[in-house]
Amino acid sequence: MGTALVYHEDMTEARLLWKDPECEIESPERLTIALERLQQRGLEQRCLRLAAREASEAELGLVHSPEYVALLRGTQALGTGELQALSGQYDAVYFHPSTFHCARLAAGAGLQLVDAVLTGAVRNGLALVRPPGHHSQRAAANGFCVFNNVAIAAKHAQQKHGLHRILIVDWDIHHGQGIQYIFEDDPSILYFSWHRYEHGRFWPYLRESDADAVGQGQGRGFNVNLPWNQVGMGNADYVAAFLHVLLPLAFEFDPELVLVAAGFDSAIGDPEGQMQAMPECFAHLTQLLQVLAGGRVCAMLEGGYHLESLAQSVCMTVQALLGDPAPPLSGSMVPHHSALESIQSVRAAQAPHWTSLQQQGQCGMGRVVGSHLGILHSGCDSEPPLHPAPVLSPSTCSLEGRPSTLLPGRPEMKTAASQATVALSSLLDQQRLHPTPPIRTAVALTSLGAGLVLPPDVLYQEGSAPQQETQAWARLHKALAKDEALTALQKVLYLLDGILDGQVSSGIAATPASAAAATLDVAIRRGLSQGAQRLLCVAVGQLDRPSDLADDGRNLWLNIRSKEAAALSTFHVSMPLPETTGGFLNCVLALVLPLAYGFQPDLVLLALGPAHGLQDPQAALLAALLRVPAGGRVLVLVDEESTPQPAGVLAWVLHGEAPPSLGPFSMASPEDMQALMYLRGQLEPQWKMMQVAGEIGGQGSGWMLGSLGDSPALEQLRGERGSRLVEWGAALNQLIAVPS
C-alpha cells in the first residue's frame, strides 16, 4: 500500500474579487505552490494521485443544514456586489461564483481519501484542498471555511465504514471551533486542537477554546483544547504537547482512523500564527501519529499563509506519510514556560476523564525525591531566570485589546517573512547536504528463517566488515572469540558503517545471546569513533552498561528491565520493565521519548538482549517511535534465538509501516508508576522535555543553551543545531514581541 495525494486544479478557481486585507491571504497560490514543491521534490510522483470529486449534497448534509447548502448553491449565480454583501454576513469569509464547486471538491477530496484508506487501496494520504473547513459550522461559513471537510469525512467514516473511534488532530494555529461544536457530545470522536488563544484575545475570541472546554454530555473528555497563550512556540513545544497530552489519550482511546486538520499557519513565518516551528517538525508529528490506528492517517489541508513555509511543511508531511525518515529537529528541545503552563492546564482539565492522566497526577509527575540514588547535578541547584515565550507588543493590538492580524504589507511582517525565508532556505541546504539514504532498511542476519517475511524493498545484507578489523574489535571481549560471535560482529559492523556513511537509514542485526553485551559494547564504541556525535543506547534485558564507557555526554544509556529505577548520572538511566500496557506506554511517552528528544541523537542503538521480556508489538512500537527523533538512524540488535518473527516485525516498522496493536489498554501498576515518578523527579532538572508543569521552570528559547548547563556536556551538545534556530528565533522575536 502507498500514499494517496488527492487534488483537483479547479480548487484554485475561487479567489477574492474585491479588496479585503483580512481575506486576501487565502489565495489560490496556496495550492499551486505547494503542488509545485511536491513535484520538484519528486514526492507527487511517488504518491497515488487521485482527482478530487465533488461531495454530493447528501454527503454535505452529514454535517450541514439543507438551508445552508442551498444558500451556497445559490452563490453560483450572484454578481460581485451580491457576493460581497453575502460575505459580509459572516466572519472572515469571501464568496466567489466558483466557491460552491471548489468547496464541494474540497469536501469530496476528504471523502475519497477516507474511502481509499479504509478499503485498503492506500495506507494513508493527504488531501490538498481549499477552501479550508475546520471553522465551518452547521449553518455558517467562518474563517475562510465553507464546508467542514474533516467533520464530513469523520461522519462518512462512521456511517459508510462503521467506525466507532476516530481521532481528529487539529494542528492549525486557529481553534477549529466548527469541529468542536459538531462533535462535542460524541464520545466516538476524540478531537484534539492546539491553537493560539492568548487568554481569549486571539481570533475567534471564544471562551470555549480554553482548556476547560472538555465536551458536553456523553462527549465529556473527548474534546481536548490546548491553548497557546503566547506566540513563538516552536519544535519543542509541539513535540511536548504530543508526548504529554495527545499521545497518552490517543493510545487509551485506541482510534480506528486518524484525521488530521493539517493547518500550517502554525509553522515559522506565518503572519497568522507567529510561531517558530520548522517544517520538519510536521514530519515528526506525522510519524508520531502513524503508530496509531494501524497507520491509517488522512491529512487534509487547512490554513497556512506563508507560501514557502506552507509548501515545505506540506512536503515534510508527505515525506513522512511515504515512510521517509524525518529530518532531525533543529534547536535545543526546551519547551517554553508558557507552553508548559498550557500543557499542565489541559492535563488537569482532562484528568478526570482519562486513566492515563489520573495515574500521573494532574500537576505533572516527578515530585518524588529519593535519597538512595545519586544523580549528576554539576554543581547547579538553583533555577536560572525565566525567559518566557514572546508576547505581543502594543502595536499589534486593536483598541479593544484584541490582537489584530499583522498584515503582509506591514514593514515588521515583511522583515519577519524575510527572516523566515532565510531559515527555510537553510533547511533546503541541509537537505541537499544530507540527502535521504538510498536504502531505507537493511537486515544482517546469520541465517534466514522460514518465517521471516520482509517488505519487498528491504535489503538483505550479505556483506561483512573486514576480518582483520573485526578481530581487532573482538579482542576487547572474550565472548567475541567464538566463530559464530565473530561472524555476527562482522555483519553488525558492516551494517553500522552503512548507517554512519549515509547509505542505509536503519537496520537489524542478530547476535548470539552469549555475545550480546559484548557486541553492543563494540557497536557503541565503533559508532562514537566513526562520527556519531550523540549516540542513544536503549538496552532492553540483561545488558549492563560497560563500566569504562565515558560519561562525557556523547552517549546516553537507558536500560529497561533493570531491577530498580536508578539515575546514576545524567546519561545513565535504568528502569524496570513495566508489567502492563499502560505502564509500558507511560515509560515510552514520559521517559524514553522525552530523553531521546532532549538528547537529539544522530544514532540510536536498540538492543533486545537476553530475557528482554518485550512482546513483539511492544518492541515494534519502541523501534517505530525511536526512529522519529533519530531521523531514522536506528540499528536494532536482536538475539539470534528470537528471530525470525521479531526481526520481521521490526523490519516492517523501521521501513515506515505501523506497528501492531498493543491490545487493550490496562492501567500501570503502582510499582511501575512509583518507579517512573521517581526517575522523572531526578531527571527533570536536566532533561526539560520531561516537564509537564509550568512552575518547574520550563524556560523559553532565550535560555535554551544555558538551561542545560546543569551538565557542561549537555551544553556542549547544543552547539551547531541550537545556535542556528536560536538566531532565527531571536530575530523573529525582536520583530513580533516585546524584548524580554
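All figures in this text were calculated on a predicted structure; none of them were measured in a lab.

Rules behind the numbers
Residues numbered from 1 in each chain as written. Predicted model: local features only at pLDDT ≥ 70, side-chain atom pairs only at ≥ 80, totals over all residues. Heavy atoms only, no water. Helix = DSSP H or I, 4+ residues; strand = E, 2+ residues; numbered from the N terminus. Buried < 20%, exposed > 50% of the residue type's maximum accessible area, 1.4 Å probe, protein only. Contact = heavy atoms within 4.5 Å. Areas by Shrake-Rupley, 256 points an atom, 1.4 Å probe, with all protein chains shown as cover. Pairing = 2+ DSSP bridges. Axes fitted to C-alpha atoms, helices over the stretch in contact; angles between N-to-C directions. Polar contact = N/O pair within 3.5 Å; in protein donor to acceptor, adjacent residues only side chain to side chain. Right-handed = clockwise from strand over helix to strand, strands pointing away. Phe/Tyr/Trp six-rings, centres within 6.5 Å; stacked < 30°, edge-to-face > 60°. pLDDT = per-residue confidence, 0-100. Arc of directions from axis to C-beta.

1. Some words on the overall build of the protein chain
Argument step 1. Regarding its fold elements, the protein chain presents 23 helices and 17 strands.
Argument step 2. For the protein chain, the residues scored as buried account for 65% of the 740 residues in total.
Argument step 3. In the protein chain, the proportion of contacts linking residues at least 24 apart, taken out of those at least 6 apart, comes to 79%.
Argument step 4. Put simply, the protein chain shows about 24700 Å² of open surface, and 51% of that area lies on carbon and sulfur atoms.

2. Structural notes on the pairing of strand S13 (residues 555-560)
Argument step 1. In terms of burial, S13 is a largely internal element, six of the six residues being buried.
Argument step 2. Of the two faces of S13, the one carrying Asn 555, Trp 557 and Asn 559 and the one carrying Leu 556, Leu 558 and Ile 560 are both buried.
Argument step 3. Relative to S13, strand S12 (residues 535-540) runs parallel, the two sharing six bridges. Counted as the bridge partner of Val 538 is Leu 558 from S13.
Argument step 4. Taken together, the four bridges between S13 and strand S15 (residues 572-575) define a ladder with parallel strand orientation. Paired with Trp 557 across the strands is His 572, a residue of S15.

3. Here's the deal with the sheet that holds strand S9 (residues 439-444)
Argument step 1. Read across the open sheet, the nine strands follow the order S10-S9-S11-S17-S16-S12-S13-S15-S14; overall the sheet is mixed. With one partner strand each, in any of the chains shown, strand S10 (459-460) and strand S14 (566-569) form the two edges of the open sheet.
Argument step 2. Taken together, the five bridges between strand S11 (residues 504-511) and strand S17 (residues 634-639) define a ladder with parallel strand orientation. Residue Gly 507 lies in a different strand from S17, and its bridge partner there is Leu 635.
Argument step 3. In the packing of helix H16 (residues 516-529) onto the sheet, the strands contacted are S11, S12, S13, strand S16 (603-608) and S17, and the crossing angle to S12 comes to about 170 degrees.
Argument step 4. Sitting on the sheet, helix H18 (residues 616-626) touches S12, S16 and S17, and the angle it makes with S16 is about 170 degrees.

4. Things to note about the sheet that holds strand S3 (residues 124-127)
Argument step 1. Across the sheet, which stays open at both edges, the eight strands sit in the order S2-S1-S3-S8-S7-S4-S5-S6 with parallel pairing between neighbours. At either margin of the open sheet sits one strand with a lone partner, and together these are strand S2 (48-51) and strand S6 (223-228). Pairs of neighbouring strands in the sheet enclose a mean axial angle of 15 degrees, with direction left out of account.
Argument step 2. Across the sheet, helix H5 (residues 99-118) is in contact with strand S1 (3-7), S2, S3, strand S7 (257-262) and strand S8 (297-301); its angle to S3 comes to roughly 175 degrees.

5. Some words on the side chain of Gln 600
Argument step 1. Looking at where Gln 600 falls in the secondary structure, it is placed in the loop between helix H17 (581-599) and S16.
Argument step 2. Engagement of the side chain of Gln 600 in a polar contact is seen with the backbone oxygen of Leu 329, the distance being 3.3 Å.

6. A few points about the pairing of S17
Argument step 1. Extensive coverage of S17 is indicated by the burial of six of its six residues.
Argument step 2. Burial along S17 is two-sided: the residues Val 634, Val 636 and Val 638 and Leu 635, Leu 637 and Asp 639 are all buried.
Argument step 3. Pairing analysis gives five bridges linking S16 to S17, with the strands arranged parallel. Bridged to Leu 606 within S17 is Val 636.
Argument step 4. In the classification by handedness, the crossover that spans S16, the intervening H18 and the parallel S17 is right-handed.

7. Things to note about the packing of aromatic side chains
Argument step 1. Within this structure, the stated rule accounts for 19 aromatic pairs.
Argument step 2. An angle of 55 degrees between the planes, with centres 5.5 Å apart, marks the rings of Trp 171 and Phe 282 as tilted. Here the residue Trp 171 occupies a position in the loop between strand S4 (166-170) and helix H7 (177-183), and Phe 282 occupies one in helix H9 (residues 279-289), the gap between them amounting to 111 residues. Here Trp 171 matches Phe 282 in class, with each residue buried.
Argument step 3. In textbook terms, an aromatic cluster arises when at least three aromatic residues are bridged by ring pairs, as seen for Trp 171, Phe 192, Trp 194, Trp 228, Tyr 238, Phe 242, Phe 264 and Phe 282.

8. As for the confidence of the model for the protein chain
Argument step 1. In this model, the protein chain carries an average pLDDT of 87, and 84% of its residues clear a pLDDT of 70 or more.
Argument step 2. Every residue in residues 362-408 scores below 50 in pLDDT, and together they form 129 contacts with partners more than four places removed in sequence or on other chains.
Argument step 3. Residue range residues 696-740 is modelled with pLDDT below 50. Its contacts to residues more than four positions away, or to other chains, number 120 contacts.

9. Quick word on unusual backbone geometry
Argument step 1. In this model, Arg 130 is joined to Pro 131 through a cis peptide bond whose omega is 0 degrees.
Argument step 2. Residue position: Pro 131 is located in the loop between S3 and helix H6 (149-161).
Argument step 3. Note the cis peptide between Trp 203 and Pro 204, where omega equals 10 degrees.
Argument step 4. The topology assignment puts Pro 204 in the loop between strand S5 (189-196) and S6.
Argument step 5. Although it is not a glycine, Tyr 205 adopts a positive phi angle of roughly 60 degrees.
Argument step 6. Relative to the assigned elements, Tyr 205 resides in the loop between S5 and S6.
Argument step 7. The class of Tyr 205 is partly exposed, set by a relative accessible area of 27%.
Argument step 8. Here the phi dihedral of Arg 561 falls at roughly 100 degrees; this positive angle occurs in a residue that is not glycine.
Argument step 9. Residue position: Arg 561 is located in the loop between S13 and S14.

10. A short note on helix H3 (residues 66-74)
In an α-helix, one turn spans 3.6 residues; hence positions three or four apart end up facing the same way.
Argument step 1. Within H3, burial applies to Tyr 68, Val 69 and Leu 72. Within H3, the buried residues cover an arc of 100 degrees as seen down the axis, which keeps them to one side. Residues of H3 that are exposed and point more than 90 degrees away from the buried face comprise Pro 66 and Glu 67.
Argument step 2. The elements touched by buried residues of H3 are helix H2 (57-60) and H5.

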